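The chain contents come next:
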Amino acid sequence: MTEDTRPPAALRHLVSWQAGRVATIGARLTAQHMPLEGRSDFAVLASLEENGPLSQAELGRLLGLDRNNVNGIVVRLEADALVVREADPADRRRNVVTVTPAGRARLAELQEHADAVQGELLAGLERAERAQLVQLLDKVLASHPALPA
């Protein structure tokens, strides 16, 4: 197969096929720029920073993660003092997770790595095209309910 050979148009016209290929490339780039747990740490820390304290169940629903995976991530982040878990004042049977100042600093570090990945992944697009792509993907994802992975 030469550089000029492209996958068939029938595949290139399937958004699901293209999205899968872009996700694969993005995962490879992320692995080059972030530590192994970086992606899940980034997702949880960013969610807490944007939404404030959340229960582990809320984190799972928000991120489409299984509750056991969320628990493992939170335990690891808590061991590194990046989050704290406390009893929910409204319902003492559940815990809420809150990002710490150290967690915010870690989030800033991970954001730099994520920005580098996005820059490399989207190098072929102009700034306006990047913004449009993000808007369109957000719209597609918003039309489907978040489910655990």
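Before any of the text, the structure's been laid out above.
Remember, it's a predicted structure, so these values are computed and weren't measured experimentally.

S.K.: Could you give an account of the overall build of the protein, with specific residues and numbers?
M.R.: Helix and strand content of the protein: seven helices and three strands. Helices and strands in the protein line up, N terminus first, as α-α-α-β-α-α-β-β-α-α. Here the C-alpha coordinates of the protein stretch approximately 60 × 30 × 30 Å along the principal axes. In the protein, buried positions account for 23% of the 149 residues. Carbon and sulfur atoms form 56% of the exposed surface of the protein, whose accessible area is close to 10,400 Å². Looking at charge distribution, the protein has the averaged site of its 17 positive side-chain charges lying 6 Å from that of its 20 negative ones.

S.K.: I'd love a proper account of the sheet that holds strand E1 (residues 54-55), names of residues and values included.
M.R.: Pairing in this open sheet of three strands is antiparallel, and the strands run E1-E3-E2 from one edge to the other. The sheet terminates laterally at E1 and strand E2 (83-88), the two strands that pair on one side only. The strands that helix H5 (residues 67-79) touches are E2 and strand E3 (91-99); relative to E2, the one it contacts most, it runs at about 115°.

S.K.: Summarise unusual backbone geometry; cite the residues concerned and give the values.
M.R.: Of note in the backbone geometry, Ala81 takes a positive phi value of approximately 60° without being a glycine. Within the fold, Ala81 resides in the loop between H5 and E2. Note on Ala81: relative accessible area 44%, which makes it partly exposed.

S.K.: Requested: an account of the pattern of salt bridges, with residues and values cited.
M.R.: Counting across every chain of the model gives seven salt bridges. In this structure, Arg76 engages Asp41 in a salt bridge whose closest nitrogen and oxygen atoms are separated by 2.2 Å. Separated by 35 residues along the polypeptide, Arg76 in helix H5 and Asp41 in helix H3 (residues 38-51) bring together distant segments of the chain. With its nearest N and O atoms 2.6 Å apart, the salt bridge here joins Asp88 to Arg94. Taking the relative accessible area as the measure of exposure, Asp88 reaches 8% and is therefore buried. Where salt bridges share partners, they join Glu58, Asp88 and Arg94 into one cluster.

S.K.: Can you explain the environment of Asp88? Please cite residues and give values.
M.R.: Tracing the sequence through the fold places Asp88 in strand E2. Residues Asp88 and Pro53, spaced 35 residues apart in sequence, show a C-alpha to C-alpha distance of 9.4 Å. Beyond its immediate chain neighbours, meaning those up to four positions away, Asp88 contacts Arg94, Asn95 and Val96. A polar atom in the side chain of Asp88 sits 2.6 Å from the side chain of Arg94.

S.K.: How would you sum up the packing of H3 against helix H4 (residues 56-63)? Please name residues and give values.
M.R.: Between two packed helices, the angle of one axis relative to the other and the distance separating the axes together describe the packing. Put simply, H3 and H4 touch, their axes get as near as 11 Å, and they point 105° apart. Classified by the angle between their axes, H3 and H4 sit roughly perpendicular to one another. Taking contact as the criterion, the partners of Ala43, Val44, Ser47, Leu48 and Asn51 in H3 are, on H4, Leu59, Leu62 and Leu63. Per-class residue counts for the contact of H3 with H4 are six nonpolar, two polar and no charged.

S.K.: Residues and numbers for the pairing of E3, please.
M.R.: One ladder, built from two bridges, connects E1 with E3; its direction is antiparallel. By the bridge assignment, Leu54 is partnered in E3 with Val97. Inspection of the sheet shows E2 paired to E3 by six bridges, in the antiparallel sense. Residue pairing across strands places Arg85 opposite Val97, the latter belonging to E3. Hairpin connection from E2 to E3: two residues lie between these consecutive antiparallel strands.

Calculation rules
The residue numbers shown here count from 1 along each chain, following its written sequence. At least 70 in pLDDT is required for a residue's local features to be given in this predicted model, at least 80 for side-chain atom pairs to be given and counted, and no such filter applies to totals for whole chains, interfaces and linings, which use all residues. Derived side-chain values reflect all non-hydrogen atoms in the structure, with water molecules and hydrogen atoms excluded from consideration. Under the scheme used here, helices are H or I runs from DSSP no shorter than 4 residues and strands are E runs no shorter than 2 residues, and both carry numbers assigned from the N terminus. Any residue under 20% of the maximum accessible area for its type is buried, any over 50% is exposed, and the rest in between are partly exposed; the area is computed with a 1.4 Å probe on protein chains only. Each accessible area is a Shrake-Rupley estimate made with a 1.4 Å probe; only the visible protein chains count as cover when residues are assessed. In this tally Asp and Glu are treated as negative and Lys and Arg as positive; neither His nor the chain ends contributes. By convention, charge coordinates are those of NZ in Lys, CZ in Arg, CG in Asp, or CD in Glu. One bridge is not enough; two strands pair if DSSP finds at least two bridges between them. Contacts are assigned to residue pairs that have any heavy atoms within 4.5 Å of one another. Angles shown run from 0 to 180 degrees and are taken between the N-to-C directions of axes, each axis being a line fitted to C-alpha atoms and, for helices, limited to the stretch in contact. Salt bridge criterion: a side-chain nitrogen from Lys or Arg within 4 Å of a carboxyl oxygen from Asp or Glu. Two N or O atoms count as a polar contact when they lie within 3.5 Å, although within protein this holds only if one can serve as hydrogen donor and the other as acceptor, and sequence-adjacent residues are included solely when both atoms are side-chain atoms. By definition in this entry, angles of less than 35 degrees are roughly parallel, angles greater than 145 are roughly antiparallel, angles of 65 to 115 are roughly perpendicular, and the rest are oblique. Each residue is assigned to one of three groups, with Ala, Val, Leu, Ile, Met, Phe, Trp, Tyr, Cys and Pro labelled nonpolar, Asp, Glu, Lys and Arg labelled charged, and all others, Gly among them, labelled polar.

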